[in-house]
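# Secondary and tertiary structure notes
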Amino acid sequence: MSIAKILNALTAAWNMLLDWPLPPSIQNAFSSESQQDEDGELTLLAFPLVGLIFGFIFLLAGKLSTLFLGDWAGGVLFALAATAATEAGNRGRGFCSTVSFAANWAETGDAAKALNRLGDSWRTLSGVAPTLTAFGYIALKLVCFTLLCRYRCQWLLAIYVLDFAAQGFLATDKALGLPVAAAEKVRVHVWFPVIFILLFFIGHPAAPLLAFGAVFGGSYLFGRYCRNFSGGLNTEKITLFGSFCELAALAVGTLALF
């Protein structure tokens, strides 16, 4: 297995997950036809690796914030920056899809219909449900990022490994036609690097066990629900589920502090 193929898979996974384009020199260096990942397995395995890189950037930023500004001031500043960065990573689609889902569910009382009416703009939404969801979404992120930066900054690695692995698992659905499409027997491999990375947090077992159980089980159930009741998966639904995973992992890691 060549280094070029691995880097090509990493680039493909990065481009599917984040709206921060890699430099053209990197994009062009690993895009030749001979380096393509024909069975999608390498690209699939690159999803948690992108999460590890993303989480490491946040970990470094959190450590520097508290080092130069103190525990609480640095934690609050980091929380503001991290919340903005995570939303910028997908141009706010995670936030918009979450608020849209809440508004649609409150209006129709049907989760399947709500999934099929996801919007990409929160400005068109009004009412109690979207307002409360928007405030709750931002408040949860700010509180969790502040406390994790202050007490257990390394959990940021686990959050995005779990989040991006879940999105990669759902993106293997062949009906989507994405480069990560993989056979049924291969798609489960995305969880192997996740388990390995979570072993480093086993000193506090509640967080890794609960977070992995929620994301792993949720990925299967959400994918099956979408296929059976809401017309299948699409990129908007995967982005929504990625937001759910991020919030769940943030909440579990924060609750495990107490």
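Our structure's up above, just so we're on the same page.
Structural notes, computed from the coordinates. Being a predicted model, the structure only gives us computed values, none of them experimental. (Residues numbered from 1 in each chain as written. Predicted model: local features only at pLDDT ≥ 70, side-chain atom pairs only at ≥ 80, totals over all residues. Heavy atoms only, no water.)

In this structure, Phe58, Phe145 and Trp191 are the most contacted members of the largest nonpolar core, which totals 65 residues. Broken down by element, this core gets its largest block of residues, 14 residues, from helix 8 (residues 155-171). In terms of nonpolar packing, the next biggest core, distinct from the first, is built from six residues, Phe95, Val99, Tyr137 and Leu247 among them. (Core = buried A, V, L, I, M, F, W, Y, C linked by side-chain atoms within 4.5 Å. Buried < 20%, exposed > 50% of the residue type's maximum accessible area, 1.4 Å probe, protein only. Helix = DSSP H or I, 4+ residues; strand = E, 2+ residues; numbered from the N terminus.)

Turning our attention to the side chain of Thr172. Assignment of secondary structure puts Thr172 in the loop between helix 8 and helix 9 (184-187). Residue classification places Thr172 among the buried positions, given a relative accessible area of 1%. At 2.6 Å, the side chain of Thr172 and the backbone oxygen of Phe169 are in polar contact. One polar contact links Thr172 to Arg187, side chain to side chain, over a distance of 2.9 Å. (Polar contact = N/O pair within 3.5 Å; in protein donor to acceptor, adjacent residues only side chain to side chain.)

Turning our eyes to something else, we now look at the pattern of salt bridges. Pairing between side chains becomes possible if they bear opposite charge and their charged atoms approach one another. Under the definition given, this model contains seven salt bridges. Measuring nitrogen to oxygen at the nearest pair gives 2.6 Å for the salt bridge that ties Glu87 to Lys141. Of the two residues, Glu87 sits in helix 4 (residues 71-89) while Lys141 sits in helix 7 (residues 128-151), which places them 54 residues apart along the sequence. The exposure class assigned to Glu87 is buried, which follows from its relative accessible area of 11%. A salt bridge links Arg117 to Glu107, with the nearest nitrogen and oxygen atoms 3.5 Å apart. Placement of Arg117 in the loop between helix 6 (111-115) and helix 7 and of Glu107 in helix 5 (residues 93-108) is noted, with a sequence separation of ten residues between them. Assessed through its relative accessible area of 40%, Arg117 is described here as partly exposed. Several salt bridges converge on common partners, so that one network encompasses Asp19, Arg91 and Arg93. (Salt bridge = Lys/Arg side-chain N within 4 Å of Asp/Glu carboxyl O.)

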